[in-house]
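Architecture at a glance
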Amino acid sequence: MEVIICPTPDDVAETAAGIVAEEARLRAGGIVLGVATGSSPLGLYARLAARIDAGELDLSQARAFALDEYVGLEPGHPQSYHEVIRTTVTEPLRLDPSRVRVPDGNAPDLAAEAAAYERAIRDAGGIDVQILGVGSNGHIGFNEPTSSLASRTRIKTLTRRTREDNARFFEAGKVPVHCLTQGLGTIAEARRTLLVAQGEHKAEAVAQLAEGPVSARWPGTVLQYHPHCQVVVDEAAASRLELADYYRQVQEDKPLA
Ligand code: F6R
């Protein structure tokens, strides 16, 4: 795992966007992205959009798979991840909407939808770069604490803490209870994983994820097994890392590629 500590949230966005843009160039535009919702990757998406607007990057041939979706929100609900992905990813990055997929949280058979989602990722050749945030309780995707480290896309029940964290987006008491989420095993199969986190409220989750024992108690720790995982954080989110000085030294003394 490579931990990159940046001075500010803007630097996190710029650094992470650089990583995605470089990978997209290597894959001549046909990249398969895994895309998170939430606040953490918004700056990264905005930086990618700026590169596209400037003609420096073209993602029109890219495909994208969202990490998760709430169950039971009416279609078109502004907080459904279908809508959030459309407004923060598909449109600003000028992706072809027919190449962007979000799990259907209103499917009549949610288990069948989860299985179909897994098949669609496989049929696309797998995810090249999975963009991730981390919940304050350590979840990635909506894999709440005690999720199986080998789990696949499935229905999960959100914890009270996640529902409180996300209550800011919903009318009082109307935060969904269930979701469909890629599993930890699904996420682990992406060729690259790129997690971004900002703010002091993420410091414990980031410290556990990078330095804690691998445990379903902190689901993001599964990334310690990932052969190509980058964690890009600001100073506040890095504030509880015991080995922060070492991560800084690694960035300063990077061997030439
Ligand atoms: C979003 C997702 C979640 C969020 C996490 C952090 O698709 O899967 O894991 O990344 O809840 O949310 P923010 O970024 O809003 O703090």
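The preceding data block contains the structure.
My aim in this report is to walk through the structure given alongside it, one point at a time.

Focus: the overall build of the chain
Within the chain one finds eight helices and 10 strands. Expected size for 257 residues packed as a compact globule is a radius of gyration near 18 Å; at 17 Å, the chain falls within 12% of this value. Projected onto its principal axes, the C-alpha positions of the chain cover 55 × 40 × 30 Å. Looking at the chain alone, contacts between residues at least 24 apart form 78% of all its contacts between residues at least 6 apart. Accessible area of the chain: about 11500 Å², with a carbon and sulfur share of 51%. Across the chain, the 26 positively charged side chains and the 35 negatively charged ones have centroids separated by 4 Å.

Side note on the packing of helix H1 (residues 9-26) against helix H2 (residues 42-53)
The relative placement of two packed helices is expressed as an angle between their axes plus a distance between the axes. The contact between H1 and H2 brings their axes to 8 Å, and the two run at 55 degrees. By the angle between their directions, the pair H1 and H2 is classed as oblique. For the element pair H1 and H2, the recorded crossing hand is right-handed. Side by side, H1 and H2 meet where Asp-10, Ala-13, Glu-14, Ala-16, Ala-17, Gly-18, Val-20, Ala-21 and Arg-25 of the first sit next to Gly-43, Leu-44, Arg-47, Leu-48 and Arg-51 of the second. Of the residues assigned to the contact of H1 with H2, the class counts are seven nonpolar, two polar and five charged.

Let's talk about the sheet that holds strand E8 (residues 178-181)
As summarised here, the arrangement of the three strands in space is E4-E8-E7, forming an open sheet in which the pairing is antiparallel. Either end of the sheet is taken by a strand with one partner, and the two such strands are strand E4 (68-70) and strand E7 (154-157). Strand after strand, the sheet turns through a mean of 30 degrees between neighbouring axes, direction not considered.

What about the sheet that holds strand E3 (residues 63-66)?
If you walk across this open sheet you meet the seven strands as E1-E10-E9-E6-E2-E3-E5, and the pairing is parallel. Across the chains shown, the open sheet's two edge strands, defined by having one partner strand only, are strand E1 (2-6) and strand E5 (100-101). Here strand E9 (residues 192-197) runs beside strand E10 (residues 229-234); their pairing, made up of five bridges, is parallel. Directly across from Leu-195, in E10, lies its bridge partner Val-231.

Considering the pattern of salt bridges
Per the stated rule, a full pass over the model turns up 17 salt bridges. Notably, a salt bridge pairs Asp-10 with Arg-47, separated by 3.7 Å at the nearest N-O pair. Of this pair, Asp-10 sits in helix H1 while Arg-47 sits in helix H2; the two residues are 37 residues apart in sequence, bridging distant segments of the chain. Relative accessible area serves as the criterion here: at 26%, Arg-47 is assigned to the partly exposed category. Residue Arg-86 is joined to Glu-91 by a salt bridge in which the shortest nitrogen-to-oxygen separation is 2.8 Å.

Considerations on helix H7 (residues 203-211)
Within H7, the full set of buried residues consists of Ala-203, Ala-205, Val-206, Ala-207, Leu-209 and Ala-210. Buried-residue contacts for H7 involve E1, E9, E10 and helix H8 (244-252).

Quick word on unusual backbone geometry
For Arg-94, which is not glycine, the phi torsion reads 55 degrees and is therefore positive. You can see Arg-94 is positioned in the loop between helix H3 (81-90) and E5. The backbone of Thr-146 shows a phi angle near 85 degrees, a positive value even though the residue is not glycine. Topologically, Thr-146 is positioned in the loop between strand E6 (129-132) and E7. Residue classification places Thr-146 among the exposed positions, given a relative accessible area of 63%.

Some remarks on the environment of Arg-168
Considering the arrangement of structural elements, one finds Arg-168 in the loop between helix H5 (160-165) and E8. Judged by its relative accessible area of 54%, Arg-168 is exposed. Reaching out from Arg-168, the side chain makes a polar contact with the side chain of Ser-39 at a distance of 2.8 Å. For Arg-168, the side chain forms a polar contact with the main-chain oxygen of Asp-165, separated by 2.3 Å.

About the cut-offs
- Residues numbered from 1 in each chain as written.
- Predicted model: local features only at pLDDT ≥ 70, side-chain atom pairs only at ≥ 80, totals over all residues.
- Heavy atoms only, no water.
- Helix = DSSP H or I, 4+ residues; strand = E, 2+ residues; numbered from the N terminus.
- Rg over C-alpha atoms; globule rule 2.2 N^0.38 Å.
- Contact = heavy atoms within 4.5 Å.
- Areas by Shrake-Rupley, 256 points an atom, 1.4 Å probe, with all protein chains shown as cover.
- Lys, Arg positive; Asp, Glu negative; His and termini not counted.
- Charge placed at Lys NZ, Arg CZ, Asp CG, Glu CD.
- Axes fitted to C-alpha atoms, helices over the stretch in contact; angles between N-to-C directions.
- Parallel < 35°, antiparallel > 145°, perpendicular 65-115°, else oblique.
- Left-handed = near helix turned anticlockwise from the far one by under 90°.
- Nonpolar A, V, L, I, M, F, W, Y, C, P; charged D, E, K, R; others polar.
- Pairing = 2+ DSSP bridges.
- Salt bridge = Lys/Arg side-chain N within 4 Å of Asp/Glu carboxyl O.
- Buried < 20%, exposed > 50% of the residue type's maximum accessible area, 1.4 Å probe, protein only.
- Polar contact = N/O pair within 3.5 Å; in protein donor to acceptor, adjacent residues only side chain to side chain.

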